[in-house]
Each structure stands twice: as C-alpha cells, then as structure tokens.
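Descriptive analysis of the structure
Below are the chains, spelled out letter by letter.
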Amino acid sequence: MPEPVDESPQPPAPHSHAATLKRLEQSSGSLAAQAIARMDETLPWYRAMPPENRSWIGLVAQAGIAAFTEWFRHPDAPQAISTDVFGTAPRELTRAITLRQTVEMVRTTIEVMESAIDEVAAPGDESVLREALLVYAREIAFATAQVYAQAAEARGAWDARLESLVVNAVLSGEADEGAVSRAAALGWNSPEHVCVVLGTAPDGDSELTVEAIRRASRHAKLQVLTGVLGDRLVVIAGGSDNPLAVAKALIGPYAAGPVVAGPVVPDLLAATRSAQAAAAGLKACTAWQDAPRPVLADDLLPERAIAGDPAAREQLVEEIYRPLEEAGSALLETLSVYLEQASSLEGAARMLFVHPNTVRYRLRRVTDVTGWSPSDVRSAFTLRIALILGRLVDGDPQS
C-alpha cells in the first residue's frame, strides 16, 4: 500500500525569492522617502515637530524597511526587531513621541510598503510578500509595545527614586529649591495648602501601597508625593486646608496603628514643619491610648511636649499661655484655680472670693482666647500643661 503523500505547503527554500529580495533592497530608499512624505501629508503632529525629531523618525522608518528586508531574507531566523528598528533613535525619542504617534508612524510606513507590493514583488511573489509583510507588521506592533513598556518602566523607577528624594528631604528638614524643582518634574503644581500625614506602612510590596495612596488621592482630588521610608508611610498632600479630612481620605492604605496629620503649611518648602509635627505626634501617640484615628498633631500637643518636642512646648506657650497672660492676670489665675479645684465652679469661686457666674464668665473668655475649653477633660489637660510650661519659661518660683 503506497505511503500517503504530504501535500501541505512547504516553506520556500532559502533565496527562492531572490528576485523579489533584490528589488526590495533597491527600492528601500524610495519606500522610506514615500513613507516620510506620507507622514508629512497626513500626520499634523509630525509636521509640527522640530527638524531633529523628524530626522530621527525618518531613520526609524528606514530602519524598519531595512529590518523587513533582512527578515524576508531569513524568515525563520529569530530577529530582534525592536533593536533593529528602534535602536537607531535615542531613548529621549520615547518622551517626545507618544505611543499613539508611534503606532501612526508604523501604520503609515506599513501602508506605504503594502501599496508598493505589486511594484516591488517579482511576478508570482505578490502573495508571498504580502503575507510576509502582515507577519512583520504584527512583530513590529509587539516590538513597539515592548519599547514603550520598557521606557515606562524605566521612567517609573526613576520617578519613584526622585519622589523618594523629595519625601526624604521634607521629612529630614532638608527641603530646598532643588526639592521643589524635583517635585515639579513629578507633576507637583505647588498647591497653596500642604500637610504631611504619617503612619505605619503595611507589610508587602511598597509599590502597591504607593499606588493605593495615588488612587485615594485622585478620588479626593489631592496632589500627593508619597513614599515608604523604613516602616513609615509618608504622604505629602496638597490641595486642602483641612488636614484631618486629608488624613481620612488617605487612611485606607495605612497599616493598623496611629495615623497623624501635621498642620497645614503654605507650600512644599514649609512642609518640613508639618512633617516634624506629624513625626513627633506619631512618637507620642502611644501616651494617648484613646486617641482618634486619624488624629491631628496639634491635638497631641501635651503628649508631644512631655515627650520632649520643643516645637510643641513653644506652641503651647505661645498659643495658650501668652494670650492668657496678655488678656489679664484674672484669666490666668481663674484658670489655674479652677483646674486645681478639680474643675469645680463653686470651689474656684470660693478660693477666688467671687461669684460662680464670674468664674463661668472668665472660663468662657479662656475658651475665646485660646480655643480650648476648660470644661472639657482633654482640653483641660492641654491647658494645664500650657500653664506649667509657661511658668517654667517665666521662671515662676511657684512652679
């Protein structure tokens, strides 16, 4: 019984299309020129580009046609198309030309080559050349995606390093105009209101954490610079004058534990003050076990002062003790006696030899002057620490 004959199409033998290959080599220059002319005619962005970039695009088109010629010569050999085609242009070209524009450039070049098949191919080779061009176009599409993916990955890694430098500079108190310039390169548009939010970073991939912060910031319409430094997740947020609202909007990616928002400052250069307040608050937050989450650094002033934060001590003296001192000795004396009498109106009134309503009136004045209410337990604690620090500063022997 005769063996079956394999009637499936066989790949052409090497150099079986020598005539077509020769004509393709001879016409590669004119095809490149036609492709450039077609781009100039149909692509407005190409016409608007500077001459240097247009010349690089011309080289890419020529390299693409030359790579197709070599690929047609050895269709079964592996070809590094991305290197052959895009290696002629500098890396900066991927910044000057978008992926969409590159796709339009490749499509135009392929269309020019496709329209010339009947002229370039030797008689009988038209279908072979057309099929080869279709396969090559697919490979070019993959190569284009790979080039831009690599460029985006490299740019993302560079941007991450740049962002980390900015965040570290703010946190360490070394922010300067250089940090502002680097932030601008990352898209920071110098918002009027800036604050820093600190908390514990979650375990796992820090890049996923950073991306989660970015998604939350986009939803809250905030600008952010963020990074994971050690075990801390740092966010510099701009665009809101409410630091507590900012912290609540961004709290999702933080790990369990306290999250502290520093005060609002006018710009990135001043963000160090917000960062240092948030860092001091994060350190002192363990002393206030019932602290809300998130919590303002200014709500932790007494704990920060006790923990040794000089900025908190100064703030308590300047924002509470001094205004009370300037408002008259009666307020300071009444507040001190009221706190010593376990917040008793009647007890304070007896000690001061005044009517309880007078004590009540003076305490309302304390609230108006300082923003802290003596009748609130937490506020009373803050006021007491402020009085102690103010007396220490003034050298009161009764302290």
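You'll find the structure just up there.
Described in the following lines is the structure provided in the data block. (Residues numbered from 1 in each chain as written. Predicted model: local features only at pLDDT ≥ 70, side-chain atom pairs only at ≥ 80, totals over all residues. Heavy atoms only, no water.)

Regarding the packing of helix α15 (residues 329–340) against helix α18 (residues 377–394)
Condition: Helix axes are fitted only over the stretch in contact, all axes being lines through C-alpha atoms; the angle between N-to-C directions runs from 0 to 180 degrees. Under the DSSP-based scheme used, a helix requires at least four consecutive residues in state H or I and a strand at least two consecutive residues in state E, with every element numbered from the N terminus. By definition in this entry, angles of less than 35 degrees are roughly parallel, angles greater than 145 are roughly antiparallel, angles of 65 to 115 are roughly perpendicular, and the rest are oblique. Take the far helix as your reference; a near helix turned counterclockwise from it by less than a right angle gives a left-handed crossing, and one turned clockwise gives a right-handed crossing. By the convention used here, residues are in contact when the closest approach between their heavy atoms is within 4.5 Å. All amino acids are sorted into three groups, where Ala, Val, Leu, Ile, Met, Phe, Trp, Tyr, Cys and Pro are nonpolar, Asp, Glu, Lys and Arg are charged, and the leftover types, Gly among them, are polar.
Their axes nearest at 11 Å, the elements α15 and α18 cross at an angle of 120 degrees. When the interaxial angle is binned, α15 and α18 end up oblique. Considering only the axes of α15 and α18, their crossing is left-handed. Facing Leu-332, Leu-335, Ser-336, Leu-339 and Glu-340 of α15, the residues of α18 in contact are Ala-380, Leu-383, Arg-384, Leu-387 and Arg-391. Classifying every residue of the contact of α15 with α18 by side-chain character gives six nonpolar, one polar and three charged.

So, the packing of aromatic side chains
Basically, it comes down to this: Centres within 6.5 Å make a pair out of two Phe, Tyr or Trp rings, where for Trp the six-membered ring is used; the pair is then stacked when the planes are under 30 degrees apart, edge-to-face when over 60, and tilted otherwise. When accessible area is computed with a 1.4 Å probe and restricted to protein chains, residues below 20% of their type maximum are described as buried, those above 50% as exposed, and intermediate ones as partly exposed.
Taken as a whole and assessed by the stated rule, the structure comprises one aromatic pair. Look at Trp-45 and Tyr-46: their rings are 6.3 Å apart centre to centre, the planes differ by 85 degrees, and that puts the pair in the edge-to-face class. Taken individually, Trp-45 and Tyr-46 each receive the classification buried, so the pair is uniform in this respect.

Topic: the sheet that holds strand β3 (residues 232–238)
We apply this condition: Here, a strand pair is defined by DSSP locating no fewer than two bridges between the strands.
In spatial order, the strands read β2-β3-β1-β4-β5; together these five strands make up an open sheet with mixed pairing. Bordering the open sheet on either side are β2 (223–229) and β5 (295–296), each of which pairs with just one other strand. As paired elements, β2 and β3 share seven bridges and run antiparallel to each other. Residue pairing in the sheet places Gly-227 in a bridge with Val-234 of β3. Packing against the sheet, helix α11 (residues 243–250) makes contact with β1 (194–200), β2, β3, β4 (259–261) and β5, and its axis sits at approximately 45 degrees to β1.

Brief notes about the pattern of salt bridges
To be explicit about the condition: The term salt bridge refers to a pairing of a side-chain nitrogen on Lys or Arg with a carboxyl oxygen on Asp or Glu at a separation within 4 Å.
Per the stated rule, a full pass over the model turns up eight salt bridges. The salt bridge partner of Asp-394 is Arg-322, with a shortest N-O separation of 3.0 Å. Taken together, the residues span a long stretch of sequence, with Asp-394 in helix α18 and Arg-322 in helix α14 (residues 310–326) at a distance of 72 residues. What emerges from the salt-bridge pattern is a single network uniting Arg-322, Glu-325 and Asp-394.

Here we look at the pairing of β2
For β2, a buried count of five out of seven residues is recorded, marking the element as mostly surrounded by other parts of the structure. Joining the antiparallel neighbours β2 and β3 is a turn of two residues, in which Gly-230 adopts a positive phi near 65 degrees.

Observations concerning helix α9 (residues 177–185)
How we decide: Polar contact is defined as a pair of N or O atoms within 3.5 Å, subject to the rule that within protein one atom must be able to donate a hydrogen and the other to accept it, and that residues adjacent in sequence are counted only when both atoms are side-chain atoms.
Measuring from the side-chain oxygen of the N-cap residue of α9 to the backbone nitrogen of Gly-178 gives 3.1 Å; that N-cap residue is Asp-176. Positioned one or two residues after α9, Gly-187 has a phi angle of 100 degrees, which is positive.

Description of the packing of helix α3 (residues 51–73) against helix α6 (residues 99–115)
It is at 11 Å that the axes of α3 and α6 come closest, and there the two elements cross at 50 degrees. In terms of their interaxial angle, α3 and α6 are classed as oblique. Crossing of α3 against α6: the hand is right-handed. Between α3, through Ile-57, Val-60, Ala-61, Ile-65 and Phe-68, and α6, the contact on the second element is made entirely by Met-105, Thr-109 and Met-113. Considered class by class, the residues forming the contact of α3 with α6 number seven nonpolar, one polar and no charged.

As for a negative patch on the surface
Condition: What makes a patch is a set of residues exposed beyond 30% relative accessible area and free of salt bridges, joined within 9 Å when like-charged and within 5 Å when nonpolar (Val, Leu, Ile, Met, Phe, Trp, Tyr). Each accessible area value is a Shrake-Rupley result obtained with a 1.4 Å probe; residue values ignore everything except the protein chains displayed when judging cover. His is not counted here, nor are the chain ends, while Lys and Arg score as positive and Asp and Glu score as negative. Every charge is mapped to an atom, namely NZ of Lys, CZ of Arg, CG of Asp or CD of Glu.
A surface patch of like charges, here negative, comprises Glu-174, Asp-176, Glu-177 and Asp-267. Relative to the helices and strands, Asp-267 is located in the loop between β4 and α12 (271–284). For Asp-267, a relative accessible area of 34% puts it in the partly exposed group.

Quick look at the side chain of Ser-379
Among the secondary structure elements, Ser-379 is positioned in helix α18. Ser-379 sits in the buried class, given a relative accessible area of 11%. Filtering out sequence-adjacent residues up to four positions away, Ser-379 remains in contact with Trp-372 and Ser-373.

Focus: the side chain of Thr-109
With respect to the secondary-structure elements, Thr-109 resides in helix α6. A relative accessible area of 8% means that Thr-109 is categorised as buried. Setting aside its immediate chain neighbours within four residues, Thr-109 contacts Ala-35, Met-39, Ala-61 and Ile-65.

Observations regarding the environment of Pro-294
Relative to the helices and strands, Pro-294 is located in the loop between α12 and β5. A residue is classified by how much of its surface remains accessible, and Pro-294, at 6% relative accessible area, is buried. Separated by 95 residues in the primary sequence, Pro-294 and Gly-199 have C-alpha atoms spaced 9.1 Å apart. Residue contacts for Pro-294: discarding those within four places in its chain leaves Leu-244, Ala-247, Lys-248, Ile-251 and Val-259.

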